[in-house]
Amino acid sequence: MAGAGEKWRRGVSRLKRRPVWREAGFLANLPPWAGTAGALGFLGATALYGMVLGGYTEAVANALTAEAGFSIKAIQLSGQRETTEFEILEELEIPNGLSLLTFDVAAARERLERNPWVRTVSIQKFYPGTLKVSLSEREPYALWQRGKIVSIIDRDGNVITDEVKERYANLPLVVGHGTQKRAPEILSDLNAVPELRSRVRALVLIAERRWNLVLENNITVRLPEEGVEDALRYLVRLDQQKGLLSRDITAVDLRLKDRIVVKLAKDAKLNRGSVQPNLSVSRKGADT
């Protein structure tokens, strides 16, 4: 019985010692540089963690990739007409030595789209160091006046800017609240009659129902609610035949289907004869 107990104790002793010898064997087989690599890895992880906490990771990445040949060396711009190159470059915010890899496209696009002239922006990276910026701008369609404020608007009636420079003076002027959204309806009729279009100084919406035209010589043309283009064509023919819009008049009323009413200026004369301040001209039989 004593011999059996002794064998059992020896077996247990060998099992306890075995893991120690295995671990010792594993360490003994590691390459000589393993300790150095582990130390460097630990130091690198510690440094990276410190940069993340300190916010220096992006700066380091930018410096490394820029030095590797990825700094932005060329910027290609396209699509800009109203937006200046200076404005675009200012919003891109590209200092010397900025890496193309770390350049924030989304933030730059957001800054550029704050420009009232800019509709959409496309920014592309072409490695190793080229940035391509393409703009789609809003097109000036008309001037919109309400009170003392005059703005440039696009076709949809959106205000582009209140800074109206001299080069926009030839844009049609629509006057009154709500006219910015309805400008296309009157301009479509007016553009069909170019002989009159060039003489119009302003378009005024009356009671949100119909329009008045103010001509360059201050004559007011009162338009009907319907059949505007026909009324304008008839007015042009009457002017070509009779020189009506060159006479000493203040208003032409086209709201009636069968006649027009002309309001003369004080002491005005037509055909060298004195007339009443209001002259009614029949439109019956007119080819409209």
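The present account deals with the structure reproduced in this document. Predicted model, so just to flag it, every value in this text is computed and none were measured.

What counts, and where the lines are drawn
Counting restarts for each chain, with residues numbered from 1 along the sequence as it is written. It should be noted that, the model being predicted, local features are given only for residues of pLDDT at least 70 and side-chain atom pairs only at 80 or more, the latter also being counted only at that level, while totals for whole chains, interfaces and linings use all residues. For side-chain calculations, the full set of non-hydrogen atoms in the structure is used, while hydrogens and water are omitted. Strands are runs of DSSP state E lasting at least two residues, helices are runs of H or I lasting at least four, and both sets are numbered from the N terminus onward. The rule is simple: take the accessible area with a 1.4 Å probe, protein chains only, and divide by the maximum for that residue type; under 20% is buried, over 50% is exposed, in between is partly exposed. By definition, residues are in contact when any of their heavy atoms lie within 4.5 Å. For every accessible area listed, the method is Shrake-Rupley and the probe measures 1.4 Å; residues are considered covered only by the protein chains on display. In this analysis, strands are considered paired if DSSP registers two or more bridges between them. Salt bridges are counted wherever a side-chain nitrogen of Lys or Arg sits within 4 Å of a carboxyl oxygen of Asp or Glu.

1. Here we look at the overall build of the chain
Part 1: Counting its regular elements, the chain contains 8 helices and 15 strands.
Part 2: Looking at the 288 residues of the chain, the share that counts as buried comes to 32%.
Part 3: Once local pairs closer than 6 in sequence are excluded, the contacts in the chain between residues at least 24 apart make up 46%.
Part 4: Total accessible area on the chain stands at roughly 18600 Å², and carbon and sulfur atoms take up 53% of it.

2. Focus on the pairing of strand β5 (residues 149-153)
Looking along a regular strand, one sees the side chains alternate between the two faces of the sheet.
Part 1: Across 5 bridges, the pairing between strand β4 (residues 142-146) and β5 is antiparallel. Each residue of the ladder has a partner; that of A142, found in β5, is I153.
Part 2: Hairpin remark: β4 followed by β5, antiparallel, with 2 residues in the connecting loop; positive phi at G147, about 70°.
Part 3: As judged from the 2 bridges shared by β5 and strand β6 (residues 159-161), these two strands associate in the antiparallel manner. Its bridge partner being in β6, I153 is matched across the sheet by V159.

3. A closer look at the pattern of salt bridges
Part 1: Taken as a whole, this structure holds 9 salt bridges when the rule is applied.
Part 2: Linking R114 and E110 is a salt bridge whose minimum nitrogen-to-oxygen distance equals 3.8 Å.
Part 3: We note a salt bridge from R209 to E225, for which the minimum N-O separation is 2.5 Å. Of this pair, R209 sits in the loop between β8 (200-206) and β9 (210-215) while E225 sits in the loop between β10 (220-222) and α8 (228-242), and the two are 16 residues apart along the sequence.
Part 4: The partly exposed category is assigned to R209, whose relative accessible area is 45%.

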